[in-house]
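Geometric and topological summary
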Amino acid sequence: MSKQKLIPIIKCTSRNRVIHLTVIAVGLMTLVPFVLNDYQISLGTEVMIFALYALGINVLLGYTGYVSLGHAMFLGIGGYGLAILSVLWGWPVWAAVPATFLIGAILGGVIGFACLRVGKIQFLVLTLAFSQMLSGAFTKLKATGGTDGMAGIPRPDLAWLGVDSWNNDIFYLYVLTFFLVVTFTLYRVLHSPFGSVLVGIRENERRMVALGYRTGRYKIGAFAISGFVATVAGLLLAQRTGFATPDYMSWSYSGEGILMVIIGGMQSFSGPILGAGFYVLAKAGLADITDEYIVVFGLLFMIVVAGFRTGLSGLIKVILTWRTRNERT
Amino acid sequence: MNALEIIDLNRSFGAISVIEGLTLSIKEGQRHAIIGPNGAGKTTLFNMLTGWLPPSSGSIMFGDKSIAGMTPSRITASGMARSFQINALFDGLTVRQNLRLSAQALHPSRLDVIASFNAYSDIEELVIFNAERMALTDYMDKPVQELSYGIRRQLEVALALTSEPKLLLLDEPAAGTSPSERLRLVNLITRLPKSTTILLVEHDMDLVFEISDRITVLTYGSVLADGSPDEIRRHKAVSDAYLGKNHA
């Protein structure tokens, strides 16, 4: 563990290994609806939704080096965006979904522009303020049902494929499609020259400015991408539960997102996915035993922060490296 | 042709005037050093030239462009690059990645969101070329954290050099180095081609006299003396004010 895994430019894992693991993971994820029971499938759906959410947060947290304490607002924007466009205004789902994504990205850019003009601490407070403001507004807003939120969030009509998106298995595959497309696109973006600029900003913003980068623009871009990905998660979450409520914008959801990223390992691309998987599954498992699951996560968080900064993804990497070494000898 | 022309530059902080009516020109292809005792205004001048501090008044012409008050990133984009007195590197990244960030800073690929970060061969070439110039090729895939201080100083200069500036500003490049590290650095800087104009701010007198072919002595924010190293060495007021009465 002496060498910390650095993102995105150093790869400790070889390219082939990444491809192998990805193919295996995607294969297993596709099999889920065919082998597991209904409850497990719906947990799988939840894992993917929160994995997207955590991936979005990590664009800022792990790559650019900014902590947003208000990212749950994009969960809300995703849910309410779809709810308002489709339920209130009667847009068809196929138009409301991409429009919501676009709104998420634009609001991400705008809120990013407002929050990124200050230092990192102020940024943290401003993002929190923005999300509280938004959740406060939706709590009061009568048109969107106030505290109760809005019900009847539509899912897409997939009759042309001969399937029903209200079917648990089909909805899982629907979410899986979004998950794969967004994840692979995000992977490309973060490993592009643009992505390396974000890492440069994380490592030393002052030097980036001296090298000629107008860092403000890249940070706004990062916030927009981050907001977009979290909006996708928020929309899927609303489609899963059928509700859009101010709850989804609460600071506790923001905190849980950060928790997922840190437990999974913010120094790697896959960390947030692992963290979200662990979080959702452990929460479901613990909920059977105790209501106080958050205590367990608190402890885990402390362990990761104190002794194991690379999180779950770091742990897996150590095991893989160790196995490779053993195979060679 | 002057690479840089500073005319009647002023900067004050409150009631304290740090740079007062400074006029100075730097010829193309020259290695020009600015020296002066602590508080002479070297750092303030440096920060104004590189855009980190706006001047109170006066003009700075870089080629035929007025750069006074421009932002640091725009000044760099117009062809001036600086190194830092205290290392400002990307500590978590390798030497190669550090240089790559510099090489792509003014390259259109920086906005590419789809291609792999190492897809551009012209950037990779620029990285290798400048790594060779600053003797860093043996350390390419080492993270900065694992480098010795001397090598880090070389990288500090290489980062500025990799953006291929017309004018290279070095802020105390040898600060904190050991004698052998210093010697290495002097050799590397001396070997740079004359097409790159160098403006150097330095405390280390030996280094200044070795590298530069013109020296400006700054005291209390204005020019005390300006001339070749020999002229400066013989200059009475300079040796009294700055070099100490026993020097040379």
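Residues numbered from 1 in each chain as written. Chains lettered and ligands numbered in written order. Predicted model: local features only at pLDDT ≥ 70, side-chain atom pairs only at ≥ 80, totals over all residues.

What follows covers the overall build of chain B. For chain B, the helix and strand inventory stands at nine helices and ten strands. Its C-alpha radius of gyration of 18 Å places chain B within 12% of the 18 Å reference for a compact globule of 248 residues. With respect to the principal axes defined by its C-alpha atoms, chain B has extents near 60 × 40 × 35 Å. Each of the 248 residues in chain B was classed as buried or not, and the buried ones make up 46%. (Helix = DSSP H or I, 4+ residues; strand = E, 2+ residues; numbered from the N terminus. Rg over C-alpha atoms; globule rule 2.2 N^0.38 Å. Buried ≥ 20, exposed ≤ 12 C-beta atoms within 10 Å, placed from the backbone.)

In terms of helices and strands, chain A carries twelve helices and two strands. Along chain A, helices and strands appear, N-terminal first, in the series α-α-α-α-α-β-α-α-α-β-α-α-α-α. A compact globule built from 329 residues would reach a C-alpha radius of gyration of about 20 Å, and chain A, at 20 Å, matches this within 12%. C-alpha extents for chain A along the principal axes are approximately 60 × 50 × 40 Å.

Time to look at helix α8 (residues 215-241) of chain A. One turn of an α-helix holds 3.6 residues; hence residues three or four places apart share an orientation. Residues and elements named next belong to chain A. With 27 residues, α8 should reach 39 Å at 1.5 Å per residue; the first-to-last C-alpha distance of 39 Å fits that figure. Burial analysis of α8 places 23 of its 27 residues in the buried class, the great majority of the element. Note on α8: the residue one or two positions beyond its end, Gly242, has a positive phi of about 85°. (Expected span 1.5 Å × (residues − 1).)

What follows concerns the interface of chain B and chain A. In this complex, chain B contributes 28 residues to the contact, which on the side of chain A involves 23 residues. Secondary-structure elements contributing two or more residues to the side of chain B that touches chain A are α2 (72-77) and α3 (95-103) of chain B. The biggest single contributor to the side of chain B that touches chain A is α2(B), with four residues. Class assignment of the residues belonging to the side of chain B that touches chain A gives a composition of 14 nonpolar, ten polar and four charged. (Contact = placed C-beta atoms within 7 Å. Nonpolar A, V, L, I, M, F, W, Y, C, P; charged D, E, K, R; others polar.)

Our focus in this paragraph is the pairing of strand β8 (residues 197-201) of chain B. Residues and elements named next belong to chain B. Across the five residues that make up β8, a large majority, five, are buried. Here β8 shows no split at all, with Thr197, Leu199 and Val201 on one side and Ile198 and Leu200 on the other all buried. Two strands pair when backbone bridges link them, and strand β3 (residues 31-35) and β8 are joined in this way by four bridges, in the parallel orientation. What sits directly across from Ala33, in β8, is Leu200. In this sheet, β8 lies alongside strand β7 (residues 167-171) in parallel orientation, the contact comprising five bridges. By the bridge assignment, Leu170 is partnered in β8 with Leu200. For the handedness criterion, the β-α-β arrangement of β7, helix α6 (residues 179-190) and β8 is classed as right-handed. (Pairing = 2+ DSSP bridges. Right-handed = clockwise from strand over helix to strand, strands pointing away.)

Moving on, we get to the nonpolar core. Within the largest apolar cluster, 161 residues are counted, with the highest numbers of intra-cluster contacts made by A:Phe50, A:Ala51, A:Leu52, A:Leu75, A:Val229 and A:Ala233. When residues in this core are grouped by element, the largest group, 15 residues, is from α8(A). (Core = buried A, V, L, I, M, F, W, Y, C linked by C-beta atoms within 7 Å.)

All names here are of chain A. Contact geometry of helix α2 (residues 38-64) with α8 gives a least axis separation of 9 Å together with a crossing angle of 165°. As judged from the angle between their axes, α2 and α8 are roughly antiparallel. The element α2 and its partner α8 pack so that their crossing is left-handed. In this structure, α2 uses Thr45, Ile49, Phe50, Leu52, Tyr53, Leu55, Gly56, Ile57, Val59, Leu60 and Thr64 to contact α8, whose residues at the interface are Lys219, Ala222, Phe223, Ile225, Ser226, Val229, Ala230, Val232, Ala233, Leu236, Leu237 and Arg240. Taken together, the residues of the contact of α2 with α8 sort by class into 17 nonpolar, four polar and two charged. (Axes fitted to C-alpha atoms, helices over the stretch in contact; angles between N-to-C directions. Parallel < 35°, antiparallel > 145°, perpendicular 65-115°, else oblique. Left-handed = near helix turned anticlockwise from the far one by under 90°.)

Time to look at the sheet that holds strand β1 (residues 2-13) of chain B. Residue and element names in this part refer to chain B. Taken in spatial order, the four strands make up an open sheet running β2-β1-β4-β5, and their pairing is antiparallel. Since the sheet does not close on itself, it has two edges, and those belong to β2 (16-27) and β5 (65-66), each with one partner. Examined bridge by bridge, strand β4 (residues 57-62) and β5 share two bridges and lie antiparallel to one another. Residue pairing in the sheet places Phe62 in a bridge with Lys65 of β5. Against the sheet, helix α1 (residues 42-49) engages β1, β2 and β4, with an angle of about 65° to β2.

We now examine the pairing of β4(B). Residues and elements named next belong to chain B. Two elements, β1 and β4, share five bridges in a ladder whose sense is antiparallel. Bridging from a neighbouring strand, Glu5 pairs with Met61 of β4. Adjacent in sequence and paired antiparallel, β4 and β5 are bridged by two residues, among which Gly63 carries a positive phi angle near 65°.

Quick look at the packing of α3(B) against helix α4 (residues 121-133) of chain B now. Residue and element names in this part refer to chain B. Contact pair α3 / α4: the axes reach a minimum separation of 9 Å and the direction vectors enclose 115°. The two elements α3 and α4 meet at a crossing, and its hand is right-handed. Taking contact as the criterion, the partners of Val95, Arg96, Leu99, Arg100 and Ala103 in α3 are, on α4, Ile123, Leu126, Val127, Asn130 and Ala131. Among the residues forming the contact of α3 with α4, the class breakdown is seven nonpolar, one polar and two charged.

What follows deals with the confidence of the model for chain B. Regions with low pLDDT should not have their predicted coordinates read in detail. All names here are of chain B. Summary statistics for chain B give a mean pLDDT of 90 and a share of 97% for residues scoring 70 or more. Helix α5 (residues 149-161) holds the highest mean pLDDT among the elements of chain B, 96, whereas helix α9 (residues 236-243) holds the lowest, 73. Here the prediction assigns the complex a pTM of 0.90, and the interface score ipTM is 0.91. (pLDDT = per-residue confidence, 0-100.)

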